[in-house]
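Working through the structure, step by step
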Amino acid sequence: MPFLEALSSIAPYLPVKVDIANGQILWPREVSFALKAVARGPNYSDVQSGESLHELIMDMRGGSELPEMCKEAGKGMKIFFDRVISPVEAKTFFARVLPSMASLALKLPALLQEQALLYGSQSGVNVPLYLRILSSQNSGIVFLSQELVASLLACAFFCLYPSTIRRNNDLPLINFDLLFRYLFDGRQEQAQKIMCIVHYFERVTESMPCGMISYERKVLALEQSASLGLAQTLPDESFWRSCKTSLCDFTVMDEGVIEDVGSIALQVDFANMFLGGGALSSGCIQEEIRFMINPELIAGMFFLSAMSNNESIEVVGAERYSRYEGYGRSFTFGGDFVEKDSRDGWGRRHTRIVAIDALSQVGEDQFMMSLILRELNKAFCGFLDLSITSCHSNLMDLQADAKTKDGTNVMSTEVQRTAKSYGVIDGENLENDGGVHFGKDGATKIPIESFLEEFGKSKVVNLEESMSDDSNKMDLQVHAEKFHMYTNTGNCIGIATGNWGCGAFGGDLQLKSMLQWLAASQAGRPFLLYFTFGDHHAKRLQEAGRNIS
């Protein structure tokens, strides 16, 4: 069938066999037989323990001609299902959840055909939306139903994806075997990560969400192209030196976390260049935790290769399913979380998450102009709303609500507005004698007060100014209302970020915070919420706020 041609780039990476000529997508016979047995329940399949689950996976991998899984992964499965969770929880998993997961995996061929039919080259959609490999320097967007995502993740749980081809093409590994392997190594946070994953499958097998999720590779073009909008070209140093855009509002958040802001802001994932980082292995910091509480993000790892310096990845509609506490070794699963955000015209939750990878462990070199430019452009790429540029106008035209009351196209107006506002700060202020010493030869710390005196056209607002005396917590909806004036422009969504590139990556918090502020302002964002996570290095931000206000 012609519409299956849409799957040609993704076919070698799938656990199923795609026969484009004959219009068929089929499971290998042995795998199909095993999954059907599991779907009938433990009394038929005899899969009712961690050990028997490992044996099942080994048999299916053999049927798919995949190499054996490491023995430590099997031991980790035994530890989790036989020791970590209670006997009642294990019985429920093997009696209800696992059979439903097997049924989900069996539905993969039908779901792939449906997706290719809806969004493939024969669908009439002008902008490609179908599932395909989005490799480096190839901007594009993929729309997946939440059911298809659940099916892809069920296959990852059963460890059915080929791995060698992924390593050879800069794609992160997608199977879940390493989650269990590092549990065997004694990393107790691994058990908590797996509990988040199991809880996700409990939720979707009980009641399958019916929405959509989009995964987009955003690329700042290395050179100007007539087919690309102006705002997509990678800015150079002279561009940043000559810009005059006013800074957006900058709010310091001493309490709270990025994922709690809801739909008022684009939420930043402090990413690895490989999407997800160590989420499916031993990692348990900001990005990995986000992928555990929003497991639908993991599906992006399947088809999005490593990010280059001029790229970012934005995901819209990935739901959060779990609460949590702690960080790193103290991370613990905290129970169920239910999203309350409404859906857009595509059926996506309004939660927007952008992955941007910072430089890691570059030391004092991070104050060199070339590396400052790299980080500034990386954040700018992530924060830029590509839906208001010309390359996405066709996609937005498909939405019925992308029209104004008089029927004119909102996006064409926004393209004009973005082009006119393509600038951030006055270049003269970047000179070292102006008090802002970015260079390695000058001061290696940014004097934030001087920076704000030079460039601050809006002020830093300390959390204390926005908190109620009795609750000691900030109502983020109040912040949203504060920026209601942006609603009419179509760009009312701000940025929620924090100590990006700091901590384990070794970046200077004061430098990185200012670069993110500049990038958000240049991207036309109305505000930036900066979550300090209690880092003492952020005290200067608070001091600057008091001085300015």
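Before reading on, note that the structure itself is shown above.
These numbers were taken from a predicted model, which means no experiment stands behind them. (Residues numbered from 1 in each chain as written. Predicted model: local features only at pLDDT ≥ 70, side-chain atom pairs only at ≥ 80, totals over all residues. Heavy atoms only, no water.)

Along its length, the protein chain carries 21 helices and 13 strands. Burial status across the protein chain gives 57% buried among its 549 residues. Long-range contacts, defined as pairs at least 24 residues apart, comprise 76% of the intrachain contacts of the protein chain with a sequence gap of at least 6. (Helix = DSSP H or I, 4+ residues; strand = E, 2+ residues; numbered from the N terminus. Buried < 20%, exposed > 50% of the residue type's maximum accessible area, 1.4 Å probe, protein only. Contact = heavy atoms within 4.5 Å.)

Another point: the layout of surface pockets. Considering only enclosed or pocket space, the second largest pocket measures out at about 680 Å³ in volume. Taken together, the elements giving at least two residues each to the lining of the second largest pocket come down to strand S6 (265–271), helix H12 (286–293) and strand S8 (322–325). Among the elements that line the lining of the second largest pocket, the one with the most residues is H12, at 5 residues. Of the residues in the lining of the second largest pocket, the class split is 14 nonpolar, 8 polar and 8 charged. (1 Å grid on protein atoms, 1.4 Å probe; cavity = no way out; pocket = protein on both sides within 12 Å on 5 of 7 lines; lining within 4 Å. Points joined across faces, edges and corners; volume = space filled by probe spheres on them. Nonpolar A, V, L, I, M, F, W, Y, C, P; charged D, E, K, R; others polar.)

As a further point, take the pattern of salt bridges. Taken as a whole and assessed by the stated rule, the structure comprises 18 salt bridges. Between Glu-147 and Lys-107 there is a salt bridge, and its shortest N-O distance comes to 2.3 Å. On the criterion of sequence distance, the pair formed by Glu-147 in helix H7 (residues 146–157) and Lys-107 in the loop between helix H5 (87–106) and helix H6 (108–119) is long-range, its members being 40 residues apart. The exposure class assigned to Glu-147 is partly exposed, which follows from its relative accessible area of 22%. Given a relative accessible area of 37%, Lys-107 falls into the partly exposed group. Where Lys-378 meets Asp-357, a salt bridge forms, and the shortest distance between an N and an O atom there is 2.6 Å. In this pair, Lys-378 sits in helix H14 (residues 369–383) while Asp-357 sits in strand S10 (residues 352–357), placing the two residues 21 residues apart along the sequence. Neither residue differs from the other here; Lys-378 and Asp-357 are each classed as buried. One salt-bridge network, held together by shared partners, links Asp-357, Arg-374, Glu-375, Lys-378 and Lys-512. (Salt bridge = Lys/Arg side-chain N within 4 Å of Asp/Glu carboxyl O.)

Let's shift gears to the environment of Ala-105. The topology assignment puts Ala-105 in helix H5. Looking at Ala-105, the relative accessible area reads 0%, which means it is buried. For the pair Ala-105 and Leu-152, spaced 47 residues apart in the sequence, the C-alpha separation amounts to 7.1 Å. In this structure, Ala-105 is in contact with Trp-27, Leu-35, Ser-151, Ala-154, Cys-155 and Phe-158, ignoring residues within four places of it in sequence.

A few words now on the nonpolar core. The biggest cluster of nonpolar side chains holds 95 residues, and the ones touching the most others in it are Leu-53, Phe-157, Phe-158, Phe-201 and Phe-303. Every residue in contact with Leu-53, bar those within four places of it in the chain, is listed here: Val-47, Met-77, Phe-81, Phe-94, Leu-98, Phe-157 and Phe-158. By size, the runner-up hydrophobic cluster in this structure holds 51 residues, among which are Cys-248, Val-252, Ile-356 and Ile-372. (Core = buried A, V, L, I, M, F, W, Y, C linked by side-chain atoms within 4.5 Å.)

Turning our attention to the packing of helix H1 (residues 29–39) against helix H3 (residues 50–63). As a packed pair, H1 and H3 sit with axes 8 Å apart at the nearest point and diverge in direction by 155°. The orientation of H1 with respect to H3, classified from their angle, is roughly antiparallel. Counting all contacts with H1, which are made through Glu-30, Val-31, Ala-34, Leu-35 and Val-38, the residues of H3 involved are Leu-56, Met-60 and Gly-63. Its residues placed into classes, the contact of H1 with H3 shows 6 nonpolar, 1 polar and 1 charged. (Axes fitted to C-alpha atoms, helices over the stretch in contact; angles between N-to-C directions. Parallel < 35°, antiparallel > 145°, perpendicular 65-115°, else oblique.)

Judged from the 4 bridges that link them, S8 and strand S9 (residues 332–336) form a sheet pairing that is antiparallel. Within S9, the residue paired with Glu-325 across the bridge is Thr-332. Taken together, S8 and the strand that follows it, S9, pair antiparallel across an intervening segment of 6 residues, in which Gly-326 is found at a positive phi of about 80°. (Pairing = 2+ DSSP bridges.)

One non-glycine residue, Gln-137, lies in the positive phi region at around 75°. One can find Gln-137 in the loop between H6 and strand S3 (140–145).

With that settled, consider the pairing of S3. Most of S3 sits out of view: 6 of its 6 residues are buried. Neither face of S3 is open: one carries Gly-140, Val-142 and Leu-144, the other Ile-141, Phe-143 and Ser-145, and all of them are buried.

Let us now look at the side chain of Asn-294. Within the secondary structure, Asn-294 sits in the loop between H12 and helix H13 (299–303). Residue class for Asn-294 comes out buried when judged on its relative accessible area of 0%. If near-sequence neighbours (up to four positions away) are discounted, Asn-294 is found in contact with Ala-318, Glu-319, Arg-320, Glu-339 and Ile-353.

Next up on the list: the environment of Tyr-119. Topologically, Tyr-119 is positioned in helix H6. Sequence separation between Tyr-119 and Tyr-130 is 11 residues; the distance between their C-alpha atoms is 4.9 Å. Sequence-distant contacts of Tyr-119, defined by excluding residues within four places in its chain, comprise Leu-129, Tyr-130, Phe-143 and Met-212.

The terminal C-alpha atoms of H3, which comprises 14 residues, lie 20 Å apart, in line with the 20 Å expected from a rise of 1.5 Å per residue. Gly-50, Ser-52, Leu-53, His-54, Leu-56, Ile-57, Met-60, Arg-61 and Gly-63 are the residues of H3 that are buried. In this structure, the buried residues of H3 make contact with H1, helix H4 (71–84), H5 and H7. Among the residues trailing H3, Glu-65 stands out with phi positive, at a value near 60°. (Expected span 1.5 Å × (residues − 1).)

You can see Lys-340 is positioned in the loop between S9 and S10. A residue is classified by how much of its surface remains accessible, and Lys-340, at 81% relative accessible area, is exposed. Separated by 20 residues in sequence, Lys-340 and Arg-320 place their C-alpha atoms 9.9 Å apart.

It is worth spelling out the packing of H4 against helix H9 (residues 177–184) at this point. In a pair of packed helices, the angle between the axes and the distance between the axes together describe the arrangement. It is the contact of H4 with H9, at a shortest axis distance of 7 Å, that shows an interaxial angle of 75°. Regarding the angle of H4 to H9, the classification is roughly perpendicular. Within the contact between the two elements, H4 uses Glu-72, Ala-73, Lys-75, Gly-76, Met-77, Ile-79, Phe-80 and Phe-81 and H9 uses Asp-177, Phe-180, Arg-181, Leu-183 and Phe-184. Here the contact of H4 with H9 is built from residues that sort into 8 nonpolar, 1 polar and 4 charged.

With that out of the way, let us pick up the state of the cysteines. Under the criterion given, the structure shown has 0 disulfides. There is no disulfide at Cys-70, and the cysteine sulfur nearest it, in Cys-159, is 9.1 Å away. Residue Cys-70 is classed as partly exposed on the basis of its relative accessible area of 27%. (Disulfide = S-S within 2.5 Å.)

Right, let's talk about the packing of aromatic side chains for a bit. Within the structure shown, the criterion is met by 22 aromatic pairs. Each ring, one from Tyr-119 and one from Phe-143, has its centre 6.3 Å from the other, and the planes form 45°; the classification is tilted. You can see Tyr-119 sitting in helix H6 and its partner Phe-143 sitting in strand S3, a full 24 residues away along the chain. For Tyr-119, a relative accessible area of 12% translates into the label buried. A relative accessible area of 1% means that Phe-143 is categorised as buried. (Phe/Tyr/Trp six-rings, centres within 6.5 Å; stacked < 30°, edge-to-face > 60°.)

So yeah, pure geometry; function would need other evidence.
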